[in-house]
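Spelled out, the chains give:
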Amino acid sequence: MSYSIFSLVRNAIDYHQNWQKAWRNPDPKREYDVIIIGGGGHGLGAAWYLARDHGITNVAVLEKGWLGGGNTARNTMTIRDNYIRSASVPFHRESMKLWRGLSRDLNYNVMLHERGMITFLQSGSGVSHARRMADTMSVFDSEYIMLPLDELRRRVPFFSDTARMPIIGAVYHRKIAMARHDAVAWGYARAADKRGVDIIQNCEVTGILREGNRVTGVDTSRGVIKAKKIGMAVAGHGSVVAEMAGIRLPLETWPLQALVSTPVKPVLNEIFVVDGFHNYFMQSDKGELVVGGVTDPYPSYAQRGSPQVTEHVIEGLVDVFPVFKRMKFMRQWAGMLDITYDNSPIISGTSLEGFYIDVAGSGGFKTTPVAAKMHADLIANDRPHPLIEEFGLNRFQTGRLLVEGGVDANR
Amino acid sequence: MLLIPCPWCGARNEDEFLNGGEADKRRPANPVQAGSEEWYRYLYTPANTKGWLRERWWHVRGCRRWFKVDRNTHTHEIKQVEEADQWR
């Protein structure tokens, strides 16, 4: 059933008793053409693009927990494209383009809305770096402008004049958006299921089966499932799954904390970054402040962060906006980031034939549509699309790294 | 929050330390002859273990000495593996 104003009215008439389930819950078949490991945004997206763009519908998505319950549920929903390498910018801009059409493509409201992002600058080096970013982005035709202090004051009337590191300027990037993270996973799941993809939850992959140098399937908590091609999209567990295939990946898994306050009335329009503290915050649709920060000081799979990092992140918030000093926070958690050594994604085939990987390289929510689409393209055609030619695994051997770490303002 | 057992100072708060990554990694024995494959393995392929991992830590805001501990990267349990005597 397609969602529309008419389906809403029709279902309102019978008191919402007859809504159909958004996707099936099938038992795994013995064999598929393609298996995608990981039922988050990236994995479900890859399955949908395989079905829609390449006509490959005999696909299973294997998820060890519940759908969208991994790092799709732990990010802070921000979508931005301020990058600096000539390969990264078109990739992220394509993602923005796909995001804009996503609700229509999926017939599912992912609640995308453009918010804009304001980065508070607190040092001379911060200002010159922002200028460099603004110039780079203008090459790619992006609206990324320096805000003088009086203009900043007009837009954000209540930031502090007495911050420990005084605010001397700001940079504004309009095309930065937010989307509802759950809706992205659910939308892709529903659309993929409709095209015949089997989404199998509570099915943990425990081994990758191979014959010679080719994959033949996976061993799972629900038995052996055969497949000729396997795509891996497991944010926060890339090393663990790749190890099953005998592959070591150039990444480490780091926690990145986020916090959510009790809801308050609307105060913040944009997403804010505080340059001197490397933290960022915004107000969600529900009115909660969402605050995120730097990665924790050591790699970990524990899904929680250290309190001194939480404190530092909060310090940056109340230094710039003392008005939030008495806010109460409801939740604090850590998402797991598979961070590559150049902070750029890896979407690539591997030394094992038929085994493909989609690693976010840093926070991966923003790249969900483009990474999933390119991953699907790679699985279907067995060669990288021009957009991701430079995102291959071999760049760490050839030395053609796409260094983005330390480039964006909040890292 | 970790309480990291420094062999000299005892268990101290984690923000006194810096993580030095995986312990016992070996540089290529012959750096000139090592090819890109060997350097790739040394530089870019950490174990990134989920579970027990032997790591080097630096007590930078304390006695400023390096030492090794075993840390479980999943549960955050931590075990001292070196005695101060070893170094005398």
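Quantities reported herein were computed from a predicted structural model and do not represent experimental measurements. (Residues numbered from 1 in each chain as written. Chains lettered and ligands numbered in written order. Predicted model: local features only at pLDDT ≥ 70, side-chain atom pairs only at ≥ 80, totals over all residues. Heavy atoms only, no water.)

### Observations concerning the overall build of chain B
Across its full length, chain B carries 1 helix and 6 strands. Element order for chain B, N to C, with α for helix and β for strand: β-β-β-α-β-β-β. Based on the C-alpha atoms only, the size of chain B along its principal axes is roughly 40 × 30 × 20 Å. Here the contacts in chain B between residues at least 6 apart in sequence split such that 49% fall between residues at least 24 apart. Here chain B has roughly 5,300 Å² of accessible surface; of this, 47% comes from carbon and sulfur atoms. (Helix = DSSP H or I, 4+ residues; strand = E, 2+ residues; numbered from the N terminus. Contact = heavy atoms within 4.5 Å. Areas by Shrake-Rupley, 256 points an atom, 1.4 Å probe, with all protein chains shown as cover.)

### Here's the deal with the packing of aromatic side chains
As enumerated under the stated definition, the model contains 24 aromatic pairs over all chains in all. Ring centres 6.0 Å apart and planes at 50° place the aromatic pair Tyr-3 of chain A and Tyr-108 of chain A in the tilted group. In this pair, Tyr-3 of chain A is assigned in the segment before α1 (5-13) and Tyr-108 of chain A in the loop between α3 (88-106) and β4 (113-114), connecting sequence segments 105 residues apart. Considering the side-chain rings of Phe-272 of chain A and Phe-321 of chain A, the 5.6 Å spacing of their centres and the 80° angle between planes classify their relative orientation as edge-to-face. In this pair, Phe-272 of chain A sits in strand β14 (residues 271-274) while Phe-321 of chain A sits in the loop between α8 (307-320) and β17 (329-340), placing the two residues 49 residues apart along the sequence. In terms of burial, Phe-272 of chain A and Phe-321 of chain A fall into one category: buried. In this arrangement the basic side chain of Arg-190 of chain A is found over the ring face of Tyr-3 of chain A, its NZ or CZ atom lying 3.6 Å from the centre. Taking the ring centre of Tyr-42 of chain B as reference, the NZ or CZ of Lys-25 of chain B above it sits at 5.7 Å. (Phe/Tyr/Trp six-rings, centres within 6.5 Å; stacked < 30°, edge-to-face > 60°. Buried < 20%, exposed > 50% of the residue type's maximum accessible area, 1.4 Å probe, protein only. Lys NZ or Arg CZ within 6 Å of the ring centre and 35° of its normal.)

### Things to note about the interface of chain B and chain A
Listed as interface residues are 23 residues of chain B and, on the opposing side, 26 residues of chain A. When the buried area of chain B at its contact with chain A is split by residue, Tyr-40, Tyr-44 and Asn-48 of chain B rank highest and sum to 30% of it. Here chain B is connected to chain A by 0 salt bridges. Seen at the junction of chain B and chain A, the total is 14 residue pairs in polar contact (both at pLDDT 80 or more). The leading source of residues in the side of chain B that touches chain A is helix α1 (residues 36-44) of chain B, at 5 residues. Partitioning the side of chain B that touches chain A into residue classes produces 8 nonpolar, 9 polar and 6 charged. (Buried area = accessible area lost by both parts, 1.4 Å probe. Salt bridge = Lys/Arg side-chain N within 4 Å of Asp/Glu carboxyl O. Polar contact = N/O pair within 3.5 Å; in protein donor to acceptor, adjacent residues only side chain to side chain. Nonpolar A, V, L, I, M, F, W, Y, C, P; charged D, E, K, R; others polar.)

### A closer look at a nonpolar patch on the surface
Residues and elements named next belong to chain A. A cluster of nonpolar side chains, Met-1, Ile-5, Phe-6, Leu-8, Val-9, Ile-13 and Trp-19, forms an exposed patch at the surface whose accessible area comes to about 710 Å². By the secondary structure assignment, Phe-6 is in helix α1. A relative accessible area of 62% means that Phe-6 is categorised as exposed. (Patch = residues over 30% accessible without salt bridge, like charges linked within 9 Å, V, L, I, M, F, W, Y side chains within 5 Å.)

### Side note on the packing of helix α2 (residues 41-54) of chain A against helix α6 (residues 181-194) of chain A
Residue and element names in this part refer to chain A. In contact at an axis separation of 8 Å, α2 and α6 are set at 30° when each is read in the N-to-C sense. In this view, α2 runs roughly parallel relative to α6, as classed from their interaxial angle. Considering only the axes of α2 and α6, their crossing is left-handed. Facing α2, whose interface residues are Gly-41, Leu-44, Gly-45, Trp-48 and Tyr-49, α6 presents Ala-185, Tyr-188, Ala-189, Ala-191 and Ala-192. (Axes fitted to C-alpha atoms, helices over the stretch in contact; angles between N-to-C directions. Parallel < 35°, antiparallel > 145°, perpendicular 65-115°, else oblique. Left-handed = near helix turned anticlockwise from the far one by under 90°.)

### Remarks on the pattern of salt bridges
Where charged atoms from two side chains of opposite charge come close, those side chains can pair. Under the defined criterion, the tally for this structure stands at 25 salt bridges over all chains. Note that Arg-52 of chain A and Asp-105 of chain A form a salt bridge whose closest N and O atoms lie 3.9 Å from each other. Highlighted residues: Arg-52 of chain A in helix α2 and Asp-105 of chain A in helix α3, separated in sequence by 53 residues. Relative accessible area serves as the criterion here: at 31%, Arg-52 of chain A is assigned to the partly exposed category. In this structure, the salt-bridge partner of Arg-12 of chain B is Glu-16 of chain B, at a minimum N-O distance of 2.7 Å. On the basis of relative accessible area, Arg-12 of chain B is assigned to the partly exposed category, the value being 36%. Through salt bridges with shared partners, one network takes in Arg-100, Glu-114, Glu-143 and Arg-174 of chain A.

### Regarding the side chain of His-59 of chain B
Residue position: His-59 of chain B is located in the loop between β4 (52-58) and β5 (66-72). Sequence-distant contacts of His-59 of chain B, defined by excluding residues within four places in its chain, comprise Cys-6, Cys-9, Arg-12, Glu-16, Phe-17, Arg-64, Arg-65 and Phe-67 of chain B.

### Some details on the pairing of strand β1 (residues 31-37) of chain A
All names here are of chain A. Among the 7 residues of β1, 5 are classified as buried, and the element is accordingly described as predominantly covered. Across 6 bridges, the pairing between β1 and strand β12 (residues 223-232) is parallel. Residue Tyr-32 lies in a different strand from β12, and its bridge partner there is Ala-227. Sheet analysis places β1 next to strand β2 (residues 59-62), joined by 4 bridges and oriented parallel. (Pairing = 2+ DSSP bridges.)

### Some thoughts on the domain arrangement of chain A
Residues and elements named next belong to chain A. Parsing chain A into structural domains produces domain 1 (27-109 + 180-250 + 341-398) and domain 2 (117-174 + 253-337). Look at where the C-alpha atoms of domain 1 and domain 2 centre, and you get two points 29 Å apart. Residue-level contacts link 21 residues of domain 1 with 24 residues of domain 2. Interface area for domain 1 against domain 2, summed over the two sides, is near 1,800 Å², with a carbon-plus-sulfur share of 61%. In terms of surface lost to domain 2, no three residues of domain 1 exceed Arg-74, Thr-76 and Ile-84, which account for 32% of the buried area on that side. Our count for the contact surface shared by domain 1 and domain 2 stands at 0 salt bridges. Counting the contacts that link domain 1 with domain 2 gives 6 residue pairs in polar contact (both at pLDDT 80 or more). For the side of domain 1 that touches domain 2, the elements supplying multiple residues, two or more each, are α3 and α7 (238-244). Of the residues in the side of domain 1 that touches domain 2, the class split is 5 nonpolar, 11 polar and 5 charged. (Domains from an automatic or database assignment.)

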